[in-house]
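# Working through the structure, step by step
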Amino acid sequence: MKKYGVNELRKMFLDFFESKGHLAMKSFSLVPHNDNSLLLINSGMAPLKPYFTGQEIPPRTRVCTCQKCIRTGDIENIGKTARHGTFFEMLGNFSFGDYFKEEAIHWSWEFLTEVVGLDPDRLYPSVFESDDEAFDIWNKEMGIPAERIFRFGREDNFWEHGAGPCGPCSEIYYDRGEKYGTGPEDVMGGEGDRFMEVWNVVFSQFNNDGHGNYTDLIQKNIDTGMGLERLAVVCQDVASLFDVDTNRALMDEVGALAHCRYEEDDKKDVSLRIIADHVKSCTFMASDGIMPSNEGRGYVFRRLLRRAARHGRLLGIKGLFLKEVVDAVVENYGGNYPVLVENKDYITKIITLEEER
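On a predicted model such as this, the values are computed, not experimentally measured, just so you know.

Among the secondary structure elements, valine 31 is positioned in the loop between strand S1 (23-25) and helix H2 (49-53). Along the primary structure valine 31 and isoleucine 290 are separated by 259 residues, whereas in three dimensions their C-alpha atoms are 7.9 Å apart. Every residue in contact with valine 31, bar those within four places of it in the chain, is listed here: Ile41, Asp288, Ile290 and Arg297.

Quick look at the structure:
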């Protein structure tokens, strides 16, 4: 298997689904549009809710995106675990009343095994406990032995995030091998780092009104989410999402400023990861017009930036330094997000002013 970079994998995914008749759309802003249920866009499907509910007509019944996302619910785990980050990119292929379970499952397997080149024997699907249809597709059509298909309950295999479209899902896990864990938590569906979820296709059939009331959607939809960084972790065979090529480049920049190297000191490593992750989030937020403030999404911006600045002090960096990290973010992501290049001076100004405060 080739160790594809983050920017390569992003293009491979979009090209593959374009070949399947999907319209490749640009990432939406991190600021939700006409959606008061979210502070920031936190999943690939969030900006597409109106298409799923039938409120708006999509530009095509098949689309694919690479959506920038921010989640801060696990902020205290950032830098300490292999899989938590505030900023991430979500690859997604979507169907609005077009194809459903059969095509979605077939294409997921084709992309992972034939395009990316993952070993089929190291991939394990899961389905919602009562979803016999998805189980049969995996078993009878894809040829996956029954003992390698796992049935999980609502907590694991029913996707919903606040109000809006939801439904049962089928995930695909990759066995990274015993070197990433042999403990009791390193099992399918466990909390260990050995089995990593790389694909989650949601069979979006219901609408949640936000109060636990479910109604059938007018049309059945497909909502696939795959973390770009997670796929890169698997392809590059690295320990965590911080070790993939783009994130490593940001940490190398911070390390140069702090006169230290990643993987030499565990405590310093946490700071390096936090700075790289948080400055990346702030850079993208600023590019979408978010300003630091004491409330709402502006408070998220302020909190992340000040945590990054504080960890710079813990590393012994003196004076203003976040600008240098912003430069590294733009260098690594500007090719896919030209708004970063276009607004670089503005972004740098906003972040430097906040750092000075």
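Let us look at the packing of aromatic side chains. All chains considered together, the criterion is met by 23 aromatic pairs. Seen from their ring centres, phenylalanine 111 and tryptophan 199 are 6.2 Å apart, and the 45° between their planes marks the pair as tilted. Of this pair, phenylalanine 111 sits in helix H3 (residues 101-115) while tryptophan 199 sits in strand S8 (residues 195-208), placing them 88 residues apart in sequence. Assessed through its relative accessible area of 1%, tryptophan 199 is described here as buried. Members of the aromatic cluster, connected to one another through ring pairs, are Phe13, Phe16, Phe17, Tyr99, Trp107, Phe111 and Trp199.

Bringing H3 into the picture now. Given a rise of 1.5 Å per residue, 15 residues ought to cover 21 Å, and the 20 Å separating the end C-alpha atoms of H3 matches this to within 8%. Of the residues flanking the end of H3, it is glycine 117, one or two places downstream, whose phi is positive at about 90°.

This part takes up a negative patch on the surface. On the surface, Glu102, Glu103, Asp136 and Glu141 cluster together into a patch of negative charge. Those elements giving two or more residues to the negative patch turn out to be H3 and helix H4 (132-141). Residue position: glutamate 102 is located in helix H3.

Rules and cut-offs
Residues numbered from 1 in each chain as written. Predicted model: local features only at pLDDT ≥ 70, side-chain atom pairs only at ≥ 80, totals over all residues. Heavy atoms only, no water. Helix = DSSP H or I, 4+ residues; strand = E, 2+ residues; numbered from the N terminus. Contact = heavy atoms within 4.5 Å. Phe/Tyr/Trp six-rings, centres within 6.5 Å; stacked < 30°, edge-to-face > 60°. Buried < 20%, exposed > 50% of the residue type's maximum accessible area, 1.4 Å probe, protein only. Expected span 1.5 Å × (residues − 1). Patch = residues over 30% accessible without salt bridge, like charges linked within 9 Å, V, L, I, M, F, W, Y side chains within 5 Å. Areas by Shrake-Rupley, 256 points an atom, 1.4 Å probe, with all protein chains shown as cover. Salt bridge = Lys/Arg side-chain N within 4 Å of Asp/Glu carboxyl O. Lys, Arg positive; Asp, Glu negative; His and termini not counted. Charge placed at Lys NZ, Arg CZ, Asp CG, Glu CD.

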